[in-house]
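Summary of structural features
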Amino acid sequence: MNSQCTFEARLYDQYRAYQLMKRKLRTAMASKIIKNLRPTDLRNIYHAIHKKRPQSGMIPTIEAIPQARESFLYMALFASIYRSASRVSIKSALDLDAIIFAWDYFCTLFPNHIRERRPFGRIRPANFDEAWVIILAINNGFAEMGYCTTCHRNFLIIHGSKYLPVCQICAMDDIRRHESAQTKTRC
Ligand SMILES: [Zn+2]
């Protein structure tokens, strides 16, 4: 342990680790920001809270999260809450308190509707891992928030996604309009 790792810093990291483990963040992801605790310490905290071992396996990628166009609406909502709560520019730094606030608040908006594990529903992020991945992607430039001048809502773009980098609310409206025009032509 280096000399800069003071008792206070360790205590602060224990508090942050508790907040993250309580929300079931993968220990591999948490250990990237909790520098004063070992991965084993994080796993022990997780186990103490949930009485089971932390989840292992692949960390989700940002492109793989939305499997339906509607998911972008929820992801944009989550990102908007985070952006409003963050005390720093979301592209330049991570605001841990804001991430926690955004996730907790997002969960209160859809009580009993978020399917945390597979098969996932359309509401994404479905768990705190996904919430974390979205925020990291915005921070790293793999995803971006935009403002749609047509429907006047915030939207989320994921670079490299199978979905075009456009406002998905307007894209859904266009699809609906196109489908109803086709139905009328057929009638
Ligand atoms: Zn729009």
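Please read these numbers as outputs of a predicted model, since none were measured by experiment.

Overview of the pairing of strand S1 (residues 143-147)
Across five bridges, the pairing between S1 and strand S2 (residues 154-158) is antiparallel. Bridge pairing in S2 places Met-145 opposite Leu-156. Taken together, S1 and the strand that follows it, S2, pair antiparallel across an intervening segment of six residues, in which His-152 is found at a positive phi of about 55°.

Examining the domain arrangement of the protein chain
Parsing the protein chain into structural domains produces domain 1 (7-50) and domain 2 (71-183). When each unit is reduced to the centre of its C-alpha atoms, the spacing between domain 1 and domain 2 is 26 Å. Opposite the seven residues of domain 1 that make contact, domain 2 presents seven residues. Within the side of domain 1 that touches domain 2, the residues separate by chemical class into two nonpolar, one polar and four charged.

So, unusual backbone geometry
Glycine aside, residues mostly have negative phi angles, and peptide bonds mostly take the trans form. Cis geometry is found at the peptide bond from Arg-118 to Pro-119, where omega equals -5°. Tracing the backbone shows Pro-119 in the loop between helix H5 (96-109) and helix H6 (128-140). Here the residue pair Arg-124 and Pro-125 is connected by a cis peptide bond, since its omega of 5° sits within 30 degrees of zero. Counting through the fold element by element, Pro-125 comes out in the loop between H5 and H6. Even without being a glycine, Lys-24 presents a positive backbone phi close to 65°.

Observations concerning the nonpolar core
Of all hydrophobic cores here, the largest spans 42 residues; its most connected members are Phe-78 and Ile-134. For this core, the secondary structure elements donating two or more residues are helix H1 (7-22), helix H3 (39-50), helix H4 (71-85), H5, H6 and S2. Ignoring anything within four residues of it in the chain, the contact list for Ile-134 reads Ile-62, Met-75, Phe-78, Ala-79, Pro-125 and Ala-143.

Definitions and limits used
- Residues numbered from 1 in each chain as written.
- Predicted model: local features only at pLDDT ≥ 70, side-chain atom pairs only at ≥ 80, totals over all residues.
- Pairing = 2+ DSSP bridges.
- Helix = DSSP H or I, 4+ residues; strand = E, 2+ residues; numbered from the N terminus.
- Domains from an automatic or database assignment.
- Contact = placed C-beta atoms within 7 Å.
- Nonpolar A, V, L, I, M, F, W, Y, C, P; charged D, E, K, R; others polar.
- Core = buried A, V, L, I, M, F, W, Y, C linked by C-beta atoms within 7 Å.
- Buried ≥ 20, exposed ≤ 12 C-beta atoms within 10 Å, placed from the backbone.

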